[in-house]
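Structural features, examined
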Amino acid sequence: MTDLLLEATTSHMETVYCMPQALSAQPTHYCPGCTHGVAHRLLAEALDELNMRERAILVAPVGCAVFAYQYFEIDGCEAPHGRAPAMATGLKRVQPDRIVITYQGDGDLASIGAGEILHAAARGEPITVIFINNAIYGMTGGQMAPTSLSGQRTTSSPFGRVGEPLRMSELLAVLPQTAYIVRRSLHNPAHIRKAKKAILTALKAQEAGLGFSMVELLSSCPTNWGLSPAEALEWIEKHMLPVFPVGDYKVAEAVKEL
Amino acid sequence: MSRELLKGNVAIAEAALRAGMYAYFGYPITPQTELLEHLARRMPELGRVFLQAESEVAAINMVYGAACAGVRTMTSSSSPGISLMQEGLSYIAASDLPCVVVDVMRGGPGLGNILPSQADYFQVTRSAGHGDYHPIVLAPASVQEAVDLTVLAFDLADQYRHLVILAADGLIGQMMEPAELPPMRDLPAERPAYALTGAKGRPPRRIASFYLQAEAEEAYNLQIQARLARIRQNEQRSAEYFTDDAQFLVVGYGTVGRIALSAVRQLRAAGVPVGLFRPITLYPFPEARLRALAERVAGILVVEMNAGQMLEDVRLAVLERAPVHFYGRMGGAVPMPEEIVGALRQLLPTEVLS
Ligand SMILES: Cc1ncc(C[n+]2csc(CCOP(=O)(O)OP(=O)(O)O)c2C)c(N)n1
Ligand code: SF4
Ligand SMILES: [Mg+2]
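The notes below deal with the structure included here. Sequence positions are assigned chain by chain, starting from 1 and proceeding in written order. All chains are assigned letters beginning with A, and all ligands numbers beginning with 1, in the order in which they are written. Only residues with pLDDT of at least 70 get local features here, since the model is predicted, and only at 80 or more are side-chain atom pairs given and counted; chain-wide, interface and lining totals rely on the full set of residues. The basis for every side-chain value is the complete set of non-hydrogen atoms in the structure, without hydrogens or water.

1. Description of the environment of Ser55 of chain B
Runs of E in the DSSP output that reach at least two residues are strands. Runs of H or I that reach at least four are helices, and both are numbered from the N terminus. Examined against the element boundaries, Ser55 of chain B turns out to sit in the loop between strand 3 (49-52) and helix 3 (56-68). Between the C-alpha atoms of Ser55 of chain B and Pro28 of chain B, which are 27 residues apart in sequence, the distance is 8.8 Å. Contact criterion: two residues are considered in contact whenever any of their non-hydrogen atoms come within 4.5 Å of each other. Residues within four places of Ser55 of chain B in sequence aside, it is in contact with Glu116 of chain A together with Tyr27 of chain B. Of the polar contacts made by the side chain of Ser55 of chain B, one reaches the backbone nitrogen of Ala58 of chain B; its length is 3.0 Å. Polar contacts here mean pairs of N or O atoms no more than 3.5 Å apart (in protein, one a potential hydrogen donor and the other a potential acceptor; neighbouring residues in sequence count only if both atoms are side-chain atoms).

2. Considerations on the coordination of the magnesium ion (ligand 3)
Residue and element names in this part refer to chain A. Around the magnesium ion (ligand 3), the protein contributes the donor atoms Asp106 (OD), Asn134 (OD1) and Ile136 (O), at 2.1 to 2.2 Å from the metal centre. When its relative accessible area of 2% is taken as the criterion, Asp106 is described as buried. Think of it in three bands: residues with accessible area under 20% of the maximum for their type are buried, residues over 50% are exposed, and the middle band is partly exposed, with areas taken using a 1.4 Å probe on protein chains only. Of the residues examined, Ile136 reaches a relative accessible area of 2% and is grouped as buried. In this description, a donor is an N, O or S atom within 2.8 Å of the metal centre, a cutoff extended to 3.2 Å for sodium, potassium and calcium. Water is not part of the atom list, which can make sites seem incomplete.

3. Regarding the site of ligand 2
All names here are of chain A. Nearness of a residue to a molecule or strand requires only that one of the residue's heavy atoms be within 4 Å of it. Near ligand 2, the surroundings consist of Tyr30, Cys31, Cys34, His36, Cys64, Asn134, Gly138, Cys221, Pro222, Thr223 and Asn224. Looking at the shell around ligand 2 element by element, the count peaks at three residues for helix 9 (residues 222-225). In the scheme used here, Gly and all other residues not listed as nonpolar or charged are polar, with Ala, Val, Leu, Ile, Met, Phe, Trp, Tyr, Cys and Pro taken as nonpolar and Asp, Glu, Lys and Arg as charged. Taken together, the residues of the shell around ligand 2 break down into six nonpolar, five polar and no charged.

4. What to know about unusual backbone geometry
All names here are of chain B. Cis peptide bonds are those with omega within 30 degrees of zero, and the linkage from Thr30 to Pro31 qualifies with 5°. Here Pro31 lies in the loop between strand 2 (23-26) and helix 2 (33-45). The linkage connecting Tyr283 with the following residue, Pro284, adopts the cis geometry, with an omega of 0°. Relative to the helices and strands, Pro284 resides in the loop between strand 13 (281-283) and helix 11 (287-294). Even without glycine at this site, Asp96 takes up a positive phi of about 55°. Inspection of the secondary structure assignment puts Asp96 in the loop between helix 5 (86-94) and strand 5 (99-105). Taking relative accessible area as the criterion, Asp96 reaches 17% and is therefore assigned buried. Although it is not a glycine, Arg161 adopts a positive phi angle of roughly 50°. Inspection of the secondary structure puts Arg161 in the loop between helix 7 (143-160) and strand 7 (163-169).

Next up, the structure:
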């Protein structure tokens with residue numbers, strides 16, 4: 001009787017949620033409430049859905065995501081601080097049929113690596129960049145980033161940041177050889193779904209050889225913002241969104257047709 | 001194969017691609033620019049990768065990426081550009097990856113000038129990036145040797161999975177000499193077992209340069225040290241001239257080695273028993289052979305186009321076996337054979353001179 005019952009139930013069961021194949025089983029070291037983990041999951045799901053897991057190579061940054069190359073069940077390496085786009089260029093140029101992805105924080109991409117990202121984008125290097133903008137240097141304990149908001153207090157701007165943040169998506173979108181540059185946010189499920197779609201489009205643009213693609217993701221750092229996880233998500237909405245509007249900054253014609 | 005008249009930089013470039021270099025990334029700087037320019041034409045002709053990077057910082061990291069993908073890869077530069085590459089060199093070394101870097105040394109410090117120099121000896125043998133390691137460093141004294149050592153550089157890099165620097169000075173890069181190029185090698189059909197090619201039908205491969213735990217990082221350092229010990233054991237290379245019966249020894253590498261040979265020949269013609277020891281590997285320094293020679297000579301003169309950098313390695317090799325003296329020129333000044341003869345005449349004991 002019980003057996004029959006069990007059979008009946010299982011046959012109607014459907015998997016609605018599971019670990020993406022492209023994520024490794026390893027627990028991550030991210031703080032509770034940090035959206036780095038959400039970004040990882042979205043990228044892994046996208047790789048699975050596009051059947052790219054076995055041809056993808058991830059270049060991890062220096063920053064809180066330094067271990068990202070271990071968190072994905074794909075080939076990966078870890079670049080010097082800011083140099084991921086240059087390493088990705090080397091990886092991609094010698095094997096153009098592979099999918100090469102960099103995953104970079106805002107200090108990594110917009111400060112020390114500003115030269116490398118700018119030139120990779122200017123060359124139209126067909127790589128995909130996942131850009132985690134949390135307006136702070138997470139790993140080193142909360143110093144000012146080039147994306148820190150005007151007036152934002154950090155451990156290295158204790159009286160509030162003087163100056164304006166660098167808006168990388170806006171900056172790179174003017175380069176003619178970029179294919180797809182968008183900003184999304186990870187502060188609530190609706191935005192997270194849109195972020196996932198953008199990652200899918202960026203990867204498809206790379207696969208089609210259309211040029212440089214970047215998805216900027218507004219991300220939380222509850223630890224260094226000194227907020228609870230829930231407050232941190234509110235902080236993104238309230239303080240980051242007005243300065244870093246989500247939107248499509250560059251969608252090349254060929255990408256629209258994908 | 002026949003000999004042709006070749007400029008050093010061009011010869012190195014052509015030798016590199018014939019040795020199987022699949023990807024080159026570089027940034028213009030005198031006196032090595034012809035190397036980059038030659039490859040700008042030749043690599044696309046062969047369907048291989050040539051890219052002018054936005055900086056030496058980017059160039060070395062592109063090399064890092066290509067090395068991760070398991071192809072033979074190279075960059076070239078001159079002194080200030082090599083300074084900029086140090087971070088990348090250290091990461092590459094820490095990732096056990098092979099690659100070749102050509103340094104056509106020029107006068108420094110600072111921007112310096114574009115004239116020949118050997119002032120990067122410390123930079124290439126000691127401080128090519130942070131951390132405990134040394135690249136293998138090869139120092140050619142002629143265009144032909146530059147060609148041969150370029151091929152050797154790729155082979156040693158692969159054999160040890162280690163960084164190899166070809167340290168040529170501006171004279172070697174700029175001069176034209178007859179040389180024979182190596183035959184064109186086929187590219188390997190397969191990538192090495194560490195290459196990041198996509199985890200198709202196999203577990204993922206990962207390349208990184210760090211361990212957070214002291215024990216793991218130390219264990220890894222010990223592996224590098226073991227590799228360096230093997231390199232020191234097997235790869236010391238040098239050339240000798242008139243050393244059989246020499247009572248006084250000149251030590252010089254690269255261009256200086258060749259100028260010193262003229263000086264030694266002049267003195268030999270006058271019946272003075274001097275010899276020349278020319279290191280070909282700067283790391284590993286050919287200490288075993290030099291030490292043996294030091295047992296039998298009355299003194300040693302080290303000549304360099306710097307303020308005395310290899311001098312330290314000579315002293316460490318020789319210890320108290322023989323007095324070690326130094327003659328150097330700096331800032332792009334090249335010593336003439338007569339200067340070396342003059343320096344030797346002042347040092348030679350009267351019984352050797354007469
Ligand atoms: C050359 C170099 N300079 C500085 C550092 C120290 N460092 C490590 S992570 C980091 C900042 C990372 O911030 P971000 O890129 O915003 O990443 P997050 O941790 O916020 O995700 C810095 C400055 C380093 N490792 N290497
Ligand atoms: S420090 Fe900030 S960015 Fe880093 S893991 Fe913690 S919450 Fe995330
Ligand atoms: Mg950050």
